[in-house]
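# Survey of secondary and tertiary structure
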Amino acid sequence: MESAAVFSGLGSNYLLGASRGASFLLPPFFNDKRISFPAPLQLQKQSSFASFNNVQAASSARFDAAVSDVYSEVSELADIDWDNLGFGFMPTDYMYVMKCSRGGNFSKGELQRFGNIEMNPSAGVLNYGQGLFEGLKAYKKEDGKILLFRPEENAQRMRMGAERMCMPSPTVEQFVEAVKVTVLANERWVPPPGKGSLYIRPLLMGTGAVLGLAPSPEYTFLIYVSPVGNYFKEGLAPINLVIETEVHRAAPGGTGGVKTIGNYAAVLKAQSAAKAKGYSDVLYLDCVHKKYLEEVSSCNVFTVKVY
Ligand SMILES: Cc1ncc(COP(=O)(O)O)c(C=O)c1O
C-alpha cells in the first residue's frame, strides 16, 4: 500500500541530480573541514534545478549564492545485497543535524558522520515524548537521476505536528534542503532502479533537559537515511489485516492527526498480537463509532468501491 501510494505521484517528481555528469546544490557546510567525505562520495558543482517547483527554486537560488567548490569522485554503489532489501535499518554515511532553542528559529544545519547521538537523560523527547518524525523516499531512475516525491508536503506536515507538540520546526525550505543534501551525501546508498528506495527519516525532538512537564528548552532536527525494499515481507502481494476494535490509533482531541512518536509505541501491542496470529498488521477503527476505517499501524489504507 505504501509503495503504491508513493508511486502514484511520480508525475510531479523532483529532480535531485544525476549520479554521473550532472550537477548538485551544495550548502556551505560541504566545505566544512570537520566533514570528511568517503573517497567515493560524489559532490559536484551546482548549476540549476530547472524542474523544481517554487519552493525548490527558491532554495536553489540560496544555494547558488553559497555554492561550494568541493568536487570529488563519482560514488560507487554501496556493497550490499541490493536484491534482498527489506524494511530494516541499515547505517549509511551521513546524517543531517540542526539545533534550535525554545522560542528560537532553526538556522544552520550540518552533515555529520552517521552515528549515535548524545542526549541528556532528562531530554523532553525521552521523558515526555516531545518528538515527531517524517518518512519519505528517494528513488533512482534509469538515467541515474534521483527523484523525491513532493518533500515539501512532508515539511508542511512536520510543521503542523510541531505546532501541536509545542516545538519549533524547520521552514519548508530548510526541510527540503536538508533532505536533498542528506540524500546526496548518501547517494551510494540509493538503490538501483527497481531494487527499492532510500528511506529518509527526518526527526524533530525536544533534546533539552526538563524535569517538570514543560516544552524542552532545546530542539534537534535530524535526518538519517537507510536503503529499503518493500515494507511488508509479502512484497506487493496482498496482505492480511486484522480489524482491531479495542485499541485505537486516534481519539478526538488527541495526537492522532500528527506524526508524533508516541502514536506508534501505543499500537505495538495490538500489532504484536496480530502478527502472532499470522496477520501482517492491524487495521484500526475510529474510536467513537468503532466502525469507520482509519489506518494501519504504519501505513494508509485506500478502499475501492465496486458498483
Ligand atoms: C500511521 C501511518 N500512516 C500512513 C503512513 C504513510 O505515510 P504517508 O502518510 O507519508 O503517505 C505512515 C508512514 O510512516 C504511517 O506511519
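Residues numbered from 1 in each chain as written. Predicted model: local features only at pLDDT ≥ 70, side-chain atom pairs only at ≥ 80, totals over all residues.

The condition is simple: UniProt positions are given in the numbering used here, feature names are shortened, and annotations may be inferred rather than shown by experiment.
As annotated in an unreviewed UniProt entry, the protein is Branched-chain-amino-acid aminotransferase from Vitis rotundifolia. Comment text from UniProt for the protein, heading Sequence similarities (unreviewed entry), reads "Belongs to the class-IV pyridoxal-phosphate-dependent aminotransferase family." The protein has a UniProt comment under Cofactor (unreviewed entry) that states "pyridoxal 5'-phosphate".

## With respect to the overall build of the protein
So the rule is basically this: In DSSP terms, a helix is any run of H or I states spanning at least four residues, a strand is any run of E spanning at least two, and both are numbered starting from the N terminus. Here a residue counts as buried when 20 or more other C-beta atoms sit within 10 Å of its C-beta, as exposed when there are 12 or fewer, and as partly exposed otherwise, the C-beta atoms being derived from the backbone. This entry defines residue contacts through backbone-placed C-beta atoms, with two residues in contact when those atoms are within 7 Å.
Secondary structure assignment for the protein yields 7 helices and 11 strands. The buried share of the protein, taken over its 307 residues, is 34%. Residue pairs at least 24 apart in sequence account for 70% of intrachain contacts in the protein once pairs closer than 6 positions are excluded.

## Notes on unusual backbone geometry
Of note in this structure, R150 is not a glycine but carries a positive phi near 25°. Here K290, not a glycine, exhibits a phi torsion of approximately 55°, which is positive. Residue placement: K290 occurs in the loop between β10 (281–285) and β11 (293–296).

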